[in-house]
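Structural features, examined
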Amino acid sequence: MFVRRFAPAILVLLYAARAFALDPSRPLTAYGRQTWRTDSGLPQNTVRAILQTHNGFLWLATEGGLVRFDGLKFVTFDSQTTPELRSNNIRALAEDEQHALWIGTADGLSRFDGSTFQTLTTRDGLPSDSILALETDGAGKMRISTSEGNVLYNNGRFENASNSIPAHDPRIISRFQDRQGVTWEGTDTGISRIRNGVAERFPPGDPLSTEAVLSMTEDREGDLWIGTDSDGVTVLRDQKFTSYTSKDGLPSDQVRCVFEDRRGRLWVGTEAGLARLDSGRFSVLTTANGLSSNVVLSLAENAEGNLLVGTPNGLNILTGSSVKVLTSADGLPDDYIRSIYLDKDGSLWIGTRHGLAHSQGSITTYTSHNGLESDLVGVVTRDNAGALWVGTLLGLSRLAAGRFVYSFGPIAITALQAEAQGALWIGTGQSGLYRLEREKVISHITTPGLPNAVLGILPDDSGRLWVAANTGIFRVNASNPSETAQFTAADGLPVSECSDGGHPGVWRGRDGTFWFSMSKGLASIRPNSIASSVEVPIALESVLVDDRPVTPEQARNIAPGHTRLSFEYAGLSFASPLSVRYKYKLDGFDKEWIDAGTRRTAFYTNIPPGTYTFHVFARTNTGTWSKTGARFAFRLRPHFYQTYVFYLLVVIALLLLMWRVYLWRVSQVKVRYDAVAAERTRIAREIHDTLAQGYVALSLQLELVSQALSTSKEAAQDMLAAAQDSVRTSLGDARRSIWELRSYGSGADDLASRLAMIAAQVNSTTSLKAELQVFGTRRALSHKVEHELLKIGQEAVANAVRHADASDLHIDLSYEPRQLTLAITDNGRGFTPASNGSGLEGHYGLRGMKERADQIRARLRVESAPGKGAQILVQTDIE
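These lines cover the structure that appears in this document, whether it is placed above or below. Note that the coordinates shown come from a computational prediction; the quantities given were computed from them, not determined experimentally.

**With respect to the overall build of the chain**
- Tallying secondary structure elements over the chain gives seven helices and 63 strands in all.
- For 879 residues, the compact-globule estimate of 2.2 N^0.38 gives 29 Å, and the chain exceeds it by more than 25% at 56 Å.
- Within the chain, buried positions represent 49% of all 879 residues.
- On the chain, roughly 40,900 Å² of surface is accessible, and the fraction owed to carbon and sulfur atoms is 50%.
- In the chain, 90 positive and 94 negative side-chain charges are present, and the distance between their average locations comes to 3 Å.

The structure is reproduced here in structure tokens:
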């Protein structure tokens, strides 16, 4: 369990010593009381010891195990859940100076330090494992009484004890003295209060006058806890309110209105007659005494001091022992008298179901025709500025110049209270409390827990408002509504519901007592008698992760992937645990404090990974917020993809990707640029290898024609025909080059045939003898390879014709299994190749051949020497 194992780490305690105790002047039956048995959560009804430890928890020793109580919930430690407890028969409890809890059982002694249990037996030095009693000696030692003798536990060792724990009378089972010095004695036939030497007992038949009382203690709030032999545990506490019901003499528990006359007599209107409280006793008036009805709806007095009693059957005027009744026959708009208000001039305002009557010698009736919001009239009052206000079923109206004007609504007005500073407090039946100033609503008092149905309003001397509601009585700090206190039956009210429909439903007596009409009785309180409560100790009881309880270690370091967290906490106030209010905040997640009201669990979902601290504070319904509260720090670990390292890697990856995209883009631009440059180079080669060479050949032929014209006309004509063929061939090559700019289509002739055509052309147009030899088996090559090889051969032949001054030209094409070799060899004058070994430097044609060879990944070699001819050798791999 969370608190059990690591209470010191998660429990923060605040509690100032309180001098409160049970009021010894009250009758025993006037104390509030509450009893818990097995049907309330106790494991067993025999309670042998009761102890409140420093942290505020109440511990009970039962024959069914050790019990921890937080005011609402019992947690049981037994031999099954806690093996260190060797027996479930718990007999004694004590707390040492180190705040460790000692537990005496029928089979050993246990010590609980807030996180772990330690077991001590005869093997550790105890005279017997049967523990009878425990007591601290005030000097840091624990006195232990066993069935075989007594010992002292001192610094981890047992020592002999000469004196045993004092025994009580054989008749007296338990004895306790409270803070007021009053002695309480528990016997086998109940409990007695010894005051001024006089013993007082509960009435016969009361469990506290018949049950054996085994244990008693007083908690820090002054309440007395009583453990019995077979009736569980009972608490006696002072009540903040004094209640009166039909058991106390009221004619009915259904109280409608309450009023104190100018002589200080308290009158109570009920459903069964009119009651008057004198010296703590009620006397009753009914129809037998002349009232027009036993149902009393409203009370007031006239200028003469006569009591006015409104009933469903008319207005009753009590003068001495006589009763006069006014009805609609006397001018009232209706017999159903809902409210009566004595004005400053002595006139009366009478609210009915059918309008408002003003009695001033004669009766004047006002209805909705005169500006009232509704004919169903309830509360009537004047503010300190002199304005008359009337609350109706549909809103608030104000009298101005003889006519009522709209002020606030449409809503049922159930209560009005004038403020000394001139403002008006307005209670409504559906939307709570409002404050009106200068005829304008300036605030709607809202806070969690405030009621929607306000039935009465009373200001106290501290500026706070006491509000009667259908869910109890509330004390509201108007300047800070979050400090609202709620009082219910647990505080002494006869029932947690005030009555409605009667006026006035609340009253402030001349002695400062506040009176409230309840649906089942009458309640009173002296507001100034309620002392401020002490700060409430608060415990963080458990943490749930994804709806499963976890250990403190798991809660402090939560594994990744969990999305739901809940914290269960408790304010350890036993006087009114249901009214303890809480606020909490999760540092690192919540921006503002969360007002949880009386809810004892905080829920969180979808919390992002991180480090957090949960804080929770508590206060009673009449106290202030604790100053420190409880806190719990924990870490929700992230998945790897939620860490900063992952985010950094993602950023680096994105940057690398952007860099790669940039490089790719640059390479694409370069590829396009290189493609354009290559295409321009190819076009230049094509022009050089086709048109330029064709023009050179044509120029040579035309030169031969000019020479032949002087010798042989026939030869000149043949040469002109050859020139024409050359022009046609050049034009064809040009067209083919242009076509190949668009597509590399397959030609009609293979490489060998095209080279043969070139050799034939050389033989027919020049004196150079050209010869083609093909070796090996011809194989089809890709168009691009054949095209580039053809252009290389064509350029080599053209160079030989133009520059070599050769007589023989050999073109050798050799098809080998994995290689094709093209060699163009002449016997011309040769040249000196470039120093780089390629032979290409300074020769555009040779450089073009090299570029073409590179296009098809072929190897180009130029071999030449002056006077020894030249050879162009091209080799490429083939499949």
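Now that the structure has been shown, the text picks up again.
**Details of the sheet that holds strand β10 (residues 117-120)**
- Strand order in the open sheet formed by four strands is β7-β8-β9-β10, and the pairing between neighbours is antiparallel. Strand pairing shows two members of the sheet lacking a second neighbour, β7 (90-95) and β10, which therefore form its edges. For this sheet, the mean inter-axis angle between neighbouring strands, taken without regard to orientation, is 20°.
- Pairing of β7 with strand β8 (residues 101-105), which is carried by five bridges, proceeds in the antiparallel orientation. By the bridge assignment for β8, Ile90 is matched with Thr105.

**Regarding the nonpolar core**
- Counting 35 residues, the largest nonpolar core has Leu751, Leu755, Leu789, Leu813 and Leu820 as the members making the most contacts within it.
- Mapped by element, the contributors of at least two residues to this core are α5 (751-765), α6 (783-804), β60 (808-815), β61 (819-826), α7 (844-855), β62 (859-864) and β63 (870-877).
- No other element matches α6, which puts eight residues into this core.
- For Leu751, the contacting residues outside a window of four places in its chain are Glu786, Leu789, Leu790, Leu813, Tyr815 and Leu820.
- Residues Val545, Ile558, Phe614 and Ala630 belong to the second largest nonpolar core, which totals 27 residues.

**Some details on the packing of aromatic side chains**
- Enumeration over the complete set of coordinates arrives at 38 aromatic pairs.
- Consider the rings of Phe646 and Tyr647, whose centres lie 6.3 Å apart with planes at 65°: the pair is edge-to-face.
- For Phe646, a relative accessible area of 27% gives the class partly exposed.
- Residue Tyr647 is classed as partly exposed on the basis of its relative accessible area, which comes to 41%.
- Through a chain of ring-to-ring contacts, three or more aromatic side chains come together here, namely Phe567, Tyr569, Tyr582, Tyr584, Phe589, Tyr604, Tyr612, Phe614, Phe632 and Phe634.
- Lying over the aromatic face of Phe57, Arg68 brings its terminal NZ or CZ to 4.5 Å of the ring centre.
- We note Arg435 situated over the ring of Trp425; from NZ or CZ to the ring centre the distance is 5.8 Å.

**What about α6?**
- Helix length check: α6 (22 residues) gives 30 Å between terminal C-alpha atoms against 32 Å at 1.5 Å per residue, within 8%.
- Burial within α6 is extensive, with 18 of its 22 residues counted as buried.
- Trailing α6 by a residue or two, Asp805 shows a phi angle of about 55°, which is positive.

Reading the values: the criteria
- Residues numbered from 1 in each chain as written.
- Predicted model: local features only at pLDDT ≥ 70, side-chain atom pairs only at ≥ 80, totals over all residues.
- Heavy atoms only, no water.
- Helix = DSSP H or I, 4+ residues; strand = E, 2+ residues; numbered from the N terminus.
- Rg over C-alpha atoms; globule rule 2.2 N^0.38 Å.
- Buried < 20%, exposed > 50% of the residue type's maximum accessible area, 1.4 Å probe, protein only.
- Areas by Shrake-Rupley, 256 points an atom, 1.4 Å probe, with all protein chains shown as cover.
- Lys, Arg positive; Asp, Glu negative; His and termini not counted.
- Charge placed at Lys NZ, Arg CZ, Asp CG, Glu CD.
- Pairing = 2+ DSSP bridges.
- Axes fitted to C-alpha atoms, helices over the stretch in contact; angles between N-to-C directions.
- Core = buried A, V, L, I, M, F, W, Y, C linked by side-chain atoms within 4.5 Å.
- Contact = heavy atoms within 4.5 Å.
- Phe/Tyr/Trp six-rings, centres within 6.5 Å; stacked < 30°, edge-to-face > 60°.
- Lys NZ or Arg CZ within 6 Å of the ring centre and 35° of its normal.
- Expected span 1.5 Å × (residues − 1).

Purely spatial values, then, with no claim about function.
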